[in-house]
Structures are given as structure tokens and as C-alpha cells.
Amino acid sequence: MFIMNFILPSIFVALPTLGVVYDMPWLALFAGAVVFPILEYLTQSKVDPKDSKQESVTWVWGQHFPRLVMFFLIAQNVYLLLHAEQWTWFQIIALGLSMGYISGGIGITLGHELGHRRNGLDRFLARTHMISIDYSHYIIEHNRGHHRMAAIEGDPASARQEESLWHFLPRYYWGVFKGAMELAEKAQGRFNEVWLGAILSLVYLAIVVYWAGLQGFVLWLINLVVAQFLVGAVDYIEHWGLRRKQLDGKYERMGPEHTWDSSSWMSEALLFNLPRHAAHHMEPSLHCDDLYRSHQSPQMPTGYAGMILLAMLPPLFFKVMKPRLMQVQSQSLT
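Numbering of residues starts from 1 in every chain and runs along the sequence as written. Given that the model is predicted, a residue must reach a pLDDT of at least 70 before its local features are reported, and side-chain atom pairs must reach 80 or more before they are shown or counted; all residues, however, enter totals for whole chains, interfaces and linings. The side-chain numbers reported here are obtained from all heavy atoms of the structure, hydrogens and water having been left aside.

Q: Please explain the overall build of the protein chain as it appears in this structure.
A: Broken down by element type, the protein chain carries twelve helices and two strands. Numbered from the N terminus, helices here are DSSP runs of H or I no shorter than four residues, and strands are runs of E no shorter than two. What you see in the protein chain, going N to C, is helices and strands ordered as α-α-α-α-α-α-α-α-β-β-α-α-α-α. Only C-alpha atoms enter the radius of gyration, while the globule expectation follows 2.2 Å times N to the 0.38, with N the number of residues. For the protein chain, the C-alpha radius of gyration of 19 Å lies close to 20 Å, the compact-globule estimate for 334 residues. Dimensions of the protein chain along its principal axes, counting C-alpha atoms only, are 65 × 50 × 40 Å. When each of the 334 residues of the protein chain is scored for burial, the buried share is 57%. By definition in these notes, contact holds between two residues if any of their heavy atoms fall within 4.5 Å. Across the protein chain, every contact between residues at least 6 apart in sequence was considered, and the portion connecting residues at least 24 apart equals 74%. If you average the places of the 25 positive and of the 27 negative side-chain charges in the protein chain, the two averages end up 5 Å apart. Buried means the residue's accessible area, taken with a 1.4 Å probe over protein chains only, is under 20% of the maximum for its type, while exposed means over 50%, and partly exposed covers the values in between. In summary, the charge assignment counts Lys and Arg as positive and Asp and Glu as negative, without counting His or the chain termini. The location of each charge is read from NZ of Lys, CZ of Arg, CG of Asp or CD of Glu.

Below, the structure is given as C-alpha cells:
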């Protein structure tokens, strides 16, 4: 089990290429939307909130492995996009959906992780991928906005209790862009990072269209839409319904009770400990190797892949999650 943290991301990120080689362009989509949700549910661990000493799996990737995975993902996407003209429209649609699952599931996860680091190479890789899917402003708003505003009503990435995923997403995308613009405009003496990222995204798209025509554009667009949908869905499930109290005109400090965690070891190994999200909010400077399970955090019933599918079905999502939220709210009153 101790090497699954290397095996799972390595296999998953390579599935679009394997799908092309074996004429199964839908392979990554099938793995992300069917196989992993089932395996996550079957491997979910039990977290005892009363046992703060309960041991959890330790996953360590080191400095270089996340960089290698991100570099491979970027190179793979460029190669597939520039060769889009040789595939049928069915292959382009299936491959675009598969690429989107990788770009969102692994790419934005690593973009989030590397974007928090101080190393120049890490930041470059994070921004390069986010530019390729026209979402570079996410890093600006997330790092300088969401971490300060998480679980507060005005935060676009903190879903309200009454919001379904489909009601949340329009507010979320507009809020992330608007927040990033406001933060970029406040950065004195610097160029506007949002506009720079948008220009670089257009340059990237122009190169794709020049080399691969309409097929390249469609493949890029499907990849982009799926990737951005996944990050929106992830932000939805991470803070849904959880709110920080306002005391004497000031909000209480961010705590583990303001973030939903998941104890699926498979989700942790695949997503570089992203499910240990409370630890990330409590100590944003921690690398993925150092994130820990929080026993005080409310727990999701399964891993991230399964939770995204659950969120796509609002009646079922509310049926499963509302009792858990009510329990969290009742505990906060005692």
C-alpha cells in the first residue's frame, strides 16, 4: 500500500495516452467517473472524532514527483491537442472528456498544491497548466481570497446550505473571476495578472488552432469545460453549508469544523492528500506530504470522485449530506 501514492497518480495521468494507443479514448473518463468512485467507497476509513491519536496512512511524494507528474500532464495535453486532426469526432469528444478528468482531477489539484509553494519552478508549472485551461485567475483568488474568506457568506468558493451544485456554479465562476480581478487591481506597481493570464491563454489557443484546426479547438474546449467543472464541484463539496460565526463584528478563526474532509485512502493517494483539506486551511504553508487528517472535521461519506457524482444529483446529495450537516450544526451549539 505504501507505494500506491506513486502508482495511482502515475497510471491515472497517463490514461489519455493509453486510451489513444489502445483505441479507448474514453478510458480516463471511465476510470474517473466509474472505477474510482466505487473503489473509494469500498476503501473509506472510519475516523473517530473522539480519538485524536487515531493513526492514519502517511503519504509522502517528495519535492520532485509532483513536478514530474505535472510536467508529463502538460506535455501530454500539448501533444494530444496538436494531433487532434487525425481523430474522428467521436474520438475527440471521448478524449476531451478524458483529458478534462485528468486536467481537473490531477492537473488542478497539483496546480493548487504547486501554486502554494514558493519555489519558482513549482509556480511556473502550476501557472502553465492553469493558463492552458484558461483558469489562471483561480490561483490568485484562491491564495489571496479564499483562504481569508473560506466559510464566510461572501466567499464564492463556499457553498451555501440551500445551494445545489448547479445553483452554486454560476455564482462560483463569476465570483472567482471578480475576486481575482479585484485582488489583481490592488497589487500596486504590478501588471494585471488576470489580463496577462487571459492573453497567454489566447496565445495557447491560437497555437492549437493553427496546428490542429477546428478539431484542436473542440478538444481544447471540452478539456477546459470538464476541468473547470471538476474544480468547481470540488470547491462545492469542501465547504458546503459550513459557516464561521460572527462574534462582536468579527468572524471566528478558521477551524477544522469549517471544512469537509474525506478519509478515503485511495482519494488521498490519488489526489496528493487534497482530502485532508482542513489541515491545508489551518496551515496553508504545509506541503502535501505534511497534511494530516483532522478528527474534528465533519467527514464526507466517500472520496472526492464519488462526492462529485453525488453532488451532480442534488436530491440524493441533500438526502445524504443534510443529516451530517445538522449534526455538525447541533454540535456547534453545545
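Q: Help me out: how do you make sense of the packing of aromatic side chains in this one?
A: Each pair of aromatic rings is reported with the distance of its centres and the angle of its planes. Stacked, tilted and edge-to-face pairs are distinguished by plane angle, under 30 degrees for stacked and over 60 for edge-to-face with tilted covering the rest, among Phe, Tyr and Trp rings (Trp via its six-membered ring) whose centres lie within 6.5 Å. Summed over the entire model, instances satisfying the criterion amount to 19 aromatic pairs. Summarising the aromatic geometry, the rings of Phe-12 and Phe-36 are spaced 5.1 Å apart at their centres and angled 80 degrees between planes, so their arrangement reads as edge-to-face. Linking Phe-12 in helix α1 (residues 4–21) with Phe-36 in helix α2 (residues 27–42), this pair joins segments that are 24 residues apart in sequence. Phe-36 matches Phe-12 in its accessibility class, with the two residues each being buried. Measuring from centroid to centroid gives 5.3 Å for Tyr-236 and Phe-317, while their planes differ by 45 degrees, and the two rings are tilted. Of this pair, Tyr-236 sits in helix α8 (residues 193–239) while Phe-317 sits in helix α12 (residues 314–333), placing them 81 residues apart in sequence. Phe-317 matches Tyr-236 in its accessibility class, with the two residues each being buried. Through successive ring pairs, a cluster of aromatic residues spans Phe-168, Tyr-172, Tyr-173, Tyr-236, Trp-240, Trp-260, Phe-317 and Phe-318. In our convention, an over-ring charge means Lys NZ or Arg CZ found within 6 Å of a ring centre and within 35 degrees of that ring's normal. A cation over an aromatic ring shows up here: Lys-322 above the ring of Phe-318, its NZ or CZ 5.0 Å from the ring centre.

Q: Please explain the pattern of salt bridges as it appears in this structure.
A: Between side chains of opposite charge, a pair can form as their charged atoms come close. Whenever a carboxyl oxygen of Asp or Glu lies within 4 Å of a side-chain nitrogen of Lys or Arg, that contact is scored as a salt bridge. Tallied over the entire structure, the rule returns ten salt bridges. Put simply, Arg-144 and Glu-193 hold a salt bridge, and the shortest N to O gap is 2.5 Å. With Arg-144 in helix α6 (residues 137–149) and Glu-193 in helix α8, this residue pair connects regions lying 49 residues apart in the sequence. Across the pair Glu-153 and Arg-243 runs a salt bridge, and its minimum N-O distance is 3.3 Å. Of the two residues, Glu-153 is situated in the loop between α6 and α7 (165–186) and Arg-243 in the loop between α8 and β1 (246–247); the sequence distance between them amounts to 90 residues. Judged by relative accessible area, Glu-153 falls into the partly exposed class, the value being 41%.

Q: Explain the packing of helix α3 (residues 64–82) against helix α4 (residues 89–115) to me, please; I cannot follow it from the model alone.
A: For every element, the axis is a line fit to its C-alpha atoms; helices are fit only across the contacting stretch, and the angle between N-to-C directions ranges from 0 to 180 degrees. Packing of α3 against α4 brings their axes to within 10 Å, and their N-to-C directions diverge by 150 degrees. In this structure, the crossing between α3 and α4 has a hand that is left-handed. Seen from α3, the contacting residues are Pro-66, Val-69, Met-70, Leu-73, Asn-77, Leu-80 and Leu-81; seen from α4, they are Leu-95, Met-99, Ile-102, Ser-103, Ile-106, Gly-107, Leu-110, Gly-111 and Leu-114. Tallied by class, the residues present in the contact of α3 with α4 amount to twelve nonpolar, four polar and no charged. Should the near helix be turned anticlockwise from the far one by less than a right angle, the crossing is left-handed, and should it be turned clockwise, the crossing is right-handed. Under this grouping Gly is polar, as are all residues other than the nonpolar Ala, Val, Leu, Ile, Met, Phe, Trp, Tyr, Cys and Pro and the charged Asp, Glu, Lys and Arg.

Q: What is the right way to read α4 from this model?
A: Residues spaced three or four apart along an α-helix point in a common direction, a consequence of the helix completing one turn every 3.6 residues. Two axes enter the definition of the bend at a residue: one is fitted to the seven residues ending there, the other to the seven starting there, and the bend is the angle between them. By the largest-angle criterion, Gly-107 marks the main kink of α4, which is about 30 degrees. Counting buried positions over the 27 residues of α4 gives 23, a clear majority of the element.

Q: Please explain a nonpolar patch on the surface as it appears in this structure.
A: Side chains of Trp-26, Phe-30, Val-34, Val-35, Ile-38, Leu-39, Tyr-41, Leu-42 and Phe-90 sit close together on the surface and give an oily, nonpolar patch of about 900 Å² of accessible area. Sort the elements by how many residues they give to the nonpolar patch and α2 lands first, with seven residues. Note on placement: Leu-42 falls in helix α2. Take Leu-42: its relative accessible area is 64%, and that puts it in the exposed class. Any residue with relative accessible area above 30% and no salt bridge may belong to a patch, with like charges joined within 9 Å and the nonpolar Val, Leu, Ile, Met, Phe, Trp and Tyr side chains within 5 Å. Using a 1.4 Å probe, the Shrake-Rupley method yields the accessible areas, and only the shown protein chains count as cover for residues.

Q: Quick question: what am I supposed to make of the packing of α3 against helix α5 (residues 120–132) here?
A: If you want to describe how two helices pack, look at the angle between their axes and the distance between the axes. Direction vectors running N to C along α3 and α5 enclose 30 degrees, while the axes themselves pass 10 Å from each other. Between α3 and α5, the angle falls in the class roughly parallel. Here α3 and α5 pass one another in a crossing that is left-handed. The segment α3 lies against α5, with Arg-67, Met-70, Leu-73, Ile-74 and Asn-77 engaging Leu-121, Asp-122, Leu-125, Ala-126, Thr-128 and His-129. Any angle that is under 35 degrees is reported as roughly parallel, and any over 145 degrees as roughly antiparallel; angles of 65 to 115 degrees are reported as roughly perpendicular and all others as oblique.

Q: Explain the side chain of Ser-267 to me, please; I cannot follow it from the model alone.
A: Along the chain, the position of Ser-267 falls in helix α9 (residues 265–270). Since its relative accessible area comes to 0%, Ser-267 is described here as buried. Polar contacts, as counted here, are pairs of nitrogen or oxygen atoms within 3.5 Å of one another; within protein the pair requires one atom able to donate a hydrogen and one able to accept it, and residues that are adjacent in sequence qualify only if both atoms are side-chain atoms. There is a polar contact of 3.3 Å between the side chain of Ser-267 and the backbone nitrogen of Tyr-304. In this structure, Ser-267 is in contact with Glu-40, Pro-275, Gly-303 and Tyr-304, ignoring residues within four places of it in sequence.

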